[in-house]
Amino acid sequence: MKLLLKSATIIDKASPFHLSKQDILIENGIIRQIQPALSVETDNVIENVYVSQGWADSSVSFGEPGHEERETLENGMNVAAHSGFTQIMLNPNSHPISDTKSAITFLKNNTQNAVSELFPIGALTLQSQGEHLAELYDMATAGAVAFGDYKKTISNANLLKIALQYTQNFGGIVISFANDKNIAGKGVVNEHVISTKLGLKGIPSLAEELIIARDLAILEYTGGKLHIPTISSMKSVELIAQAKAKGLDVTCSVAIYNLHLTDDVLEGFDTNYKTLPPLRDIAHVEALRKALRDGIIDFATSDHCPMDIEEKQVEFDLAAYGTIGLETTFGILTQYASIEKVIELLTNAKKRFSLPCHSINIDEIANMTLFSVDETHIFEKKDIFSTSKNSAFVGEKLKGKVLGIIVKDKFLLN
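What counts as what
- Each chain carries its own residue numbering, running from 1 in the written order of its sequence.
- In view of the model being predicted, local features appear only for residues whose pLDDT reaches at least 70, and side-chain atom pairs are presented and counted only at 80 or more, with totals across whole chains, interfaces and linings using the full set of residues.
- Only heavy atoms go into the side-chain values, all of them from the structure, while hydrogens and water stay out.
- For helices the rule is a DSSP run of H or I covering at least 4 residues; for strands it is a run of E covering at least 2, with both sets numbered from the N terminus onward.
- We compute the radius of gyration over the C-alpha atoms and compare it with the globule rule, which gives 2.2 Å times the number of residues raised to the power 0.38.
- Buried means the residue's accessible area, taken with a 1.4 Å probe over protein chains only, is under 20% of the maximum for its type, while exposed means over 50%, and partly exposed covers the values in between.
- Contacts between residues were defined by any pair of non-hydrogen atoms, one from each residue, lying within 4.5 Å.
- Here the Shrake-Rupley method, with its probe set to 1.4 Å, supplies the accessible areas, and only the displayed protein chains count as covering residues.
- Residues scored as positive are Lys and Arg, those scored as negative are Asp and Glu, and His as well as the terminal groups of each chain are ignored.
- Taken as the charge location is NZ of Lys, CZ of Arg, CG of Asp or CD of Glu.
- To define a nonpolar core, start from buried Ala, Val, Leu, Ile, Met, Phe, Trp, Tyr and Cys residues and group those joined through side-chain atoms within 4.5 Å.
- Ring pairs are drawn from Phe, Tyr and Trp, using the six-membered ring of Trp, whenever the two centres fall within 6.5 Å, and their geometry is named by plane angle: stacked under 30 degrees, edge-to-face over 60, tilted for the rest.
- Note on criteria: charge over ring means Lys NZ or Arg CZ within 6 Å of the ring centre, with the direction from the centre no more than 35 degrees off the ring normal.
- UniProt positions are given in the numbering used here, feature names are shortened, and annotations may be inferred rather than shown by experiment.
- Definitions used throughout: a 1 Å grid over protein atoms alone; a cavity as a set of points that fits a 1.4 Å probe which cannot get out; a pocket as an open set with protein on both sides within 12 Å along at least five of seven lines; a lining residue as one with an atom within 4 Å of a point.
- Grid points are joined across faces, edges and corners, and a volume is the space filled by probe spheres set on the points.
- Each residue gets one label: Ala, Val, Leu, Ile, Met, Phe, Trp, Tyr, Cys and Pro are nonpolar, Asp, Glu, Lys and Arg are charged, and the others, such as Gly, are polar.
- Each polar contact in these results corresponds to two N or O atoms within 3.5 Å; when the atoms are within protein, one needs to be able to donate a hydrogen and the other to accept it, and residues that are neighboring in sequence are counted only if both atoms are side-chain atoms.
- Whenever Lys or Arg places a side-chain nitrogen within 4 Å of a carboxyl oxygen from Asp or Glu, that contact is recorded as a salt bridge.

1. A look at the overall build of the protein chain
When helices and strands are counted, the protein chain shows 13 helices and 18 strands. Relative to a compact globule of 414 residues, whose C-alpha radius of gyration would be 22 Å, the protein chain shows 21 Å and is just as compact. Oriented by its inertia axes, the alpha-carbon framework of the protein chain measures out at about 65 × 50 × 40 Å. Relative to its 414 residues, the protein chain shows a buried fraction of 59%. Of the contacts made within the protein chain by residues no fewer than 6 positions apart, 74% connect residues no fewer than 24 positions apart. Roughly 16,300 Å² of accessible area belongs to the protein chain as shown, and the carbon and sulfur atoms make up 49% of that amount. Across the protein chain, the 38 positively charged side chains and the 51 negatively charged ones have centroids separated by 3 Å.

2. Focus: the nonpolar core
In this structure, Phe-62, Ile-88, Leu-216, Ile-228, Ile-231 and Leu-333 are the most contacted members of the largest nonpolar core, which totals 82 residues. Top element by residues in this core is helix α7 (residues 206-222). It accounts for five residues. Beyond its immediate sequence surroundings of up to four residues, Ile-228 is in contact with Ser-176, Ile-212, Leu-216, Ile-240, Val-250, Thr-251, Cys-252 and Ser-253. Membership of the second largest hydrophobic core comes to 17 residues, among which are Leu-3, Ala-8, Val-49 and Ala-366.

3. Things to note about the packing of aromatic side chains
Given two aromatic rings, one states the distance between the centres and the angle between the planes to describe the pair. Applying the stated rule across the entire model yields nine aromatic pairs. Seen in terms of ring centroids, Tyr-166 and Phe-170 are 5.7 Å apart; in terms of plane orientation they differ by 75 degrees. Their pairing is edge-to-face. Residue classification places Tyr-166 among the partly exposed residues on the basis of a relative accessible area of 35%. The structure contains a cluster of three or more aromatic residues connected by ring pairs, namely Tyr-50, Trp-55, Phe-85, Phe-330 and Phe-371. Above the plane of the ring of Tyr-321 lies Lys-274, whose end atom (NZ or CZ) is 4.7 Å from the centre.

4. Concerning the UniProt feature "domain: Dihydroorotase catalytic" (unreviewed entry) in the protein chain
UniProt's entry tags residues 55-234 with the feature "domain: Dihydroorotase catalytic" (unreviewed entry), counted in the numbering of this structure. This span, residues 55-234, is 36% helix and 17% strand, and a straight line between its end C-alpha atoms measures 27 Å.

5. Regarding the environment of Lys-290
Within the secondary structure, Lys-290 is located in helix α10 (residues 282-294). The spacing of Lys-290 and Ala-337 is 47 residues in sequence and 9.5 Å in space, taken between C-alpha atoms.

6. Notes on empty space enclosed by the protein
Evaluated as defined, the whole model comprises two cavities of 30 Å³ or more. By volume, the largest cavity is sized at about 140 Å³. Lining the largest cavity are 14 residues, and of these Ser-59, Asn-91, Tyr-150, Ile-175 and Pro-229 sit closest to its centre. For the lining of the largest cavity, the class distribution of residues is five nonpolar, six polar and three charged. Quantified by volume, the second largest cavity comes out at close to 50 Å³. Looking at the second largest cavity, the residues that line it are Phe-62, Gly-63, Glu-64, Pro-65, Leu-90, Asn-91, Asn-93, Ser-94, Ser-98 and Leu-107. Looking at the lining of the second largest cavity, its residues break down into four nonpolar, five polar and one charged.

7. Things to note about the side chain of Arg-70
When you line up the elements, Arg-70 lands in the loop between β6 (55-60) and α1 (73-82). The class of Arg-70 is buried, set by a relative accessible area of 9%. Within the structure, the side chain of Arg-70 is placed 2.8 Å from the side chain of Glu-311, a separation counted as a polar contact. Leaving out residues up to four positions away in the same chain, Arg-70 has contacts with Gly-63, Pro-306, Met-307, Asp-308, Glu-311, Thr-387 and Ser-388.

8. Comments concerning the pattern of salt bridges
With the rule as written, the count across this model stands at 15 salt bridges. Ionic pairing is found between Asp-298 and Lys-244, a salt bridge with its closest N-O pair at 2.7 Å. With Asp-298 in the loop between α10 and β15 (299-301) and Lys-244 in helix α8 (residues 234-245), this residue pair connects regions lying 54 residues apart in the sequence. With a relative accessible area of 25%, Lys-244 lands in the partly exposed category. For the salt bridge of Lys-341 with Glu-344, the shortest nitrogen-to-oxygen distance reads 3.7 Å. Placement of the pair is Lys-341 and Glu-344 together in helix α13 (residues 339-352), with a separation of three residues, close to one helical turn.

Structure below.
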């Protein structure tokens, strides 16, 4: 396969061609030439695009195995590719839970023909029940890149301590979701004026902050590598900033719904806005946006979580948590940071989780995302590639557009 990118603006701080406009020749999955002007005969020519290292998403859920009606692996990987992600980390919330070496192998084998690449997250505990550690090392040898129980907090502090100690033997990363179940209780939305007005039980930000404070104290004691996913509170930002200042090996992410939406949207009782962490008030949202720009938040995630109609078209209290977000991640992020910062937020997970990382340079493997930056459009239901349609972003303005991805000798164009 021979592909020529003409007048491509390169956004890649690891590349000597960063912020320059170049012609890029790709042959058989390798970048062969980068020059201001190339004259090459090929049927595959793409002109006037922006190009960066391929994007990675650190929190994606599908359905298969067990919930194929939500999203199959095949269609999910297609959604990721259309959304600009060359690499995704898949959460272990299937049925059965991905808590064994064979489960990780199944996921790798069944997605090897996709354009994008899948990297499984293994469950931290058996069946994600929070009682006994799963086969962490065995899963790591099979390709698991981190370990965590999706949307479930490790209530046993000693178990988290042991996990952080054990994973140091092979460089593993522990993912700890922060939501104290006793504080959260039966809450379903942010505890604030809106929850009182709507008569819905609230989840205070304290439920998140207590667990983060505990986890960071344990990390300081044990050492190891900790990732705190999808933070949503201003106090959480402060705690993580303090931990980083101490030199602790901790990273965090924010979900685009917590970055973009406030709990004001709940007034229509639309269950697509029922997320975990819940949508917070504007003070928390503005703190997250500032932390994103300041570098306290390491990367952004779609936290893509397909749910079928039976799980969403019920009373708000009974509805499942989660929104899809792969298709809208780029168009949301560009509204809150410069394009260079956006690309950092979409690629930082690669280094943290030791995913393959290839800069845009001569003789490097091609792994890149193509996009535009200026055009705006309104996201509509017809734009959804996912099997499930539970998007909190229908009707939202998106800035920029994903044009395609190139991964080795495969490419997909929108």
